[in-house]
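Geometric and topological summary
Chain by chain, the residues:
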Amino acid sequence: MTWSCDGYVRALRLAAHWHRDQRVPGTELPYLVHVVSVCGEVQRLHATEPLARPDVAVQAALLHDILEDTELTYDALVAEVGAEVADAVAALSKDPALPKSERMRDSLRRILALPPEAAMVKLADRITNLAPPPSGWSREKCAEYLAEAGVILEQLGPASPTLATRLRARMKAYEAFT
C-alpha cells in the first residue's frame, strides 16, 4: 500500500499556509523545512517497512505541529483531512491547558491510544529535532531535551524498531551538546 499523492499535496499546502510566517527555531529557514523533514523520515520508513496506514502517517507528519503552533482548530482540520489524520495530529499536540511538566506525558498517553502511525510520527519528529540546538540553548536545556528524547524512545520505540534505532543514534550524537 502506498500513500496518496493528492493527500500529501493537500496536507503540504495546509502546512505551508498555516506555518507560512514561522521559522525553524534558531534559523532563517521556513518552518515548512521541519515538517517536510519529519515527513521524509516517515516516507523513508515506509519505503523499507511498508506501513499499514501510510496516508495517515505521511499527512500527520506534515501537519503534526499545526494545532499546537497555529490558530487552526481541530474541527477545521477534520474538515480538511478527515478525523483519522486530525486525531493523530491532536495526539501529537501538547495540551497548553496542562502544566508544562505534564504536557509530554499526556501527549504520549494519547499517542499510545492510537494506531502506531502516530507514534512513528513522534519518533520521526524527535529524530529531526535532534539536530544542533538553537545557539541560545544552555547545556542544561540540551540535557533536558535529550532526556525527554529518552522518554519518547522508551514509550514509543516499539512502534518502529527502525525509527528507534535512528533515534538512538541521533541521541548519541546530541550528547555533544550536553
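Check the entry above for the structure.
My aim in this report is to walk through the structure given alongside it, one point at a time.

1. Some words on the environment of Val 24
For Val 24, the position within the fold is in the loop between helix 1 (5-18) and helix 2 (32-48). Each C-alpha atom of the pair Val 24 and Glu 49 lies 29 Å from the other, and the pair is 25 residues apart in sequence. When sequence neighbours within four positions are dropped, the list of residues in contact with Val 24 reads Leu 29, Pro 30, Tyr 31, Val 33 and His 34.

2. Structural notes on the state of the cysteines
Tallied over the entire structure, the rule returns zero disulfides. Not part of a disulfide, Cys 39 finds its nearest cysteine sulfur in Cys 5, a span of 11 Å. With a relative accessible area of 1%, Cys 39 lands in the buried category.

3. As for the pattern of salt bridges
Here the structure, examined in full by the defined rule, presents nine salt bridges. Put simply, Glu 41 and Arg 166 hold a salt bridge, and the shortest N to O gap is 2.6 Å. Here Glu 41 is found in helix 2, whereas its partner Arg 166 is found in helix 10 (residues 161-174), with 125 residues between them in sequence. The exposure class assigned to Glu 41 is buried, which follows from its relative accessible area of 10%. Exposure remark for Arg 166: the relative accessible area of 25% places this residue in the partly exposed category. Across the salt bridge formed by Asp 125 and Lys 122, the nearest N and O atoms sit 3.7 Å from each other. Of this pair, Asp 125 and Lys 122 both sit in helix 8 (residues 117-129), three residues apart, which is roughly one turn of the helix. Linked through salt bridges whose partners overlap, the residues forming this network are Arg 53, Glu 84 and Glu 117.

Cut-offs and rules
- Per-chain numbering applies: the sequence of each chain, read as written, is numbered from 1 onward.
- Reporting in this predicted model follows two pLDDT cut-offs: at least 70 for local features of residues, and 80 or more for side-chain atom pairs to be given and counted; totals over whole chains, interfaces and linings ignore these cut-offs and use all residues.
- As a rule here, side-chain values cover all heavy atoms of the structure and leave hydrogens and water aside.
- Note on conventions: DSSP H or I runs of at least 4 residues are helices, E runs of at least 2 residues are strands, and numbering of each starts at the N terminus.
- Whether two residues are in contact is decided by their heavy atoms: any pair within 4.5 Å suffices.
- Note on terminology: pairs of cysteine sulfur atoms within 2.5 Å are recorded as disulfides.
- Burial classes: relative accessible area under 20% of the type maximum marks a residue as buried, over 50% as exposed, and values in between as partly exposed (1.4 Å probe, protein chains only).
- Note on definitions: salt bridges are taken to be side-chain nitrogens of Lys or Arg within 4 Å of carboxyl oxygens of Asp or Glu.

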